[in-house]
Amino acid sequence: SVPLSYFASIGRSAREEVLIKGANFVDVLNSTEIVAFDKTGTLTKGKFSVSKIVPKNGFSEDEVLMLAAVAEVNSNHPIARSIVEALGERMEAMEPESYREISGRGVIAKVDGKEIVVGNDALMHELGIEHDSCDVGGTAVHVGVDGRYAGYIVVEDEVKEDAERAVRELKELGCRVVMVTGDSEEVARRVAERLGIDEYHAELLPEGKVSVVEGLKKNGKVAFAGDGINDAPVIAAADVGIAMGGLGSDASIDVADVVIMDDMPSKVPRSIAFARRTQRIVW
Ligand code: ADP
Ligand code: MG
């Protein structure tokens, strides 16, 4: 049977906007030694804004933005939302004839008979579209039209107010902190430095995040916190899967063992501290 103090702890954590989906996860949280975070939407706000448009090969800024927005109009990815928003009222009521989301890379759409590709370096590389590789201070979203490079859009996100505190408190609890992301090496390095994270893995596909977590599990109990649809497999793979309740996709919330309702990463160290106090009461 489950000791009463577990229920007290779960009730207490619920008031802290942390839902723990079962008493056994109090045990696992208590013995968690490694905490891995997804970057976008977990440590950062996941609200991008367009900061720069760099057209190439005779395209104009407006054309690059317009093409990207039409291709992205049906995507729920925060990058897609920011591009559509940047166009604002100038957004024409255009619908792509077809549209495909390439998880962790971007989208491919057919618009007016043209194939529009919007996404990261890896996607351009894979499709053989020659593009600029650039350290631009944010995430470069490349745009290709019928195999021709049209330029890139720079989007930027901000770290959450409590992200630095979350990392510091986890270190104080003796946890190893790791960041994983599908974003570029440059963006990952900047965010990691800013937050005091010594270990990060960038340019990962969703499967790559799972491999990193599987590898970490050889060294101790691993908690993984994420938000996106892409993160569901890695949340499921961790010893304790944590989802952001507000920003999180339904898929990630479904498979999670712990849900942070207010999306604050600092609730991760709080939950671990709770679990440790609960254990002391039990034994
Ligand atoms: P993260 O791991 O940071 O949460 P994702 O796995 O969602 O990020 O995406 C990884 C990268 O793939 C993004 O940084 C972006 O470059 C690219 N990407 C994914 N989806 C889109 C999209 N809809 N439009 C443009 N780029 C995208
Ligand atoms: Mg994410």
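This structure is a prediction, so every number in the text was calculated from the model and none was measured.

Visitor: So what exactly am I meant to see when it comes to the domain arrangement of the chain here?
Guide: Note: interface size is frequently given as the accessible area lost on complex formation between the parts. Domain assignment breaks the chain into domain 1 (4-45 + 160-282) and domain 2 (49-156). A separation of 31 Å is found between the C-alpha centroids of domain 1 and domain 2. At the interface, eleven residues of domain 1 touch eight residues of domain 2. In terms of residue class, the side of domain 1 that touches domain 2 is made up of three nonpolar, five polar and three charged.

Visitor: Explain the sheet that holds strand S9 (residues 176-180) to me, please; I cannot follow it from the model alone.
Guide: Whenever strands of a sheet pair, they do so through backbone hydrogen bonds, lying parallel or antiparallel. Judged by pairing direction, the sheet is mixed, and its seven strands sit side by side in the order S1-S13-S12-S11-S2-S9-S10 without closing on themselves. The sheet is open, and its two borders are formed by strand S1 (18-20) and strand S10 (199-201), each paired with just one other strand. The sheet shows a mean angle of 20° between the axes of neighbouring strands, direction not considered. Pairing between strand S11 (residues 221-226) and strand S12 (residues 240-244): four bridges, direction parallel. Along S12, the bridge assignment pairs Phe224 with Gly241.

Visitor: It is not clear to me how the site of ligand 1 should be interpreted in this structure. Could you clarify?
Guide: Residues in contact with ligand 1 amount to 22 residues; listed here are only the nearest, Thr40, His77, Asn120, Gly182 and Asp183. Elements represented by at least two residues in the shell around ligand 1 include exactly helix H4 (78-87), strand S5 (106-111), strand S6 (114-119) and strand S7 (139-145). Tallied by class, the residues present in the shell around ligand 1 amount to five nonpolar, twelve polar and five charged. Looking at the shell around ligand 1, you find at least three residues from each of domain 1 (4-45 + 160-282) and domain 2 (49-156).

Cut-offs applied
- Residues numbered from 1 in each chain as written.
- Chains lettered and ligands numbered in written order.
- Predicted model: local features only at pLDDT ≥ 70, side-chain atom pairs only at ≥ 80, totals over all residues.
- Domains from an automatic or database assignment.
- Contact = placed C-beta atoms within 7 Å.
- Nonpolar A, V, L, I, M, F, W, Y, C, P; charged D, E, K, R; others polar.
- Pairing = 2+ DSSP bridges.
- Helix = DSSP H or I, 4+ residues; strand = E, 2+ residues; numbered from the N terminus.
- Axes fitted to C-alpha atoms, helices over the stretch in contact; angles between N-to-C directions.
- Near = placed C-beta within 6 Å.

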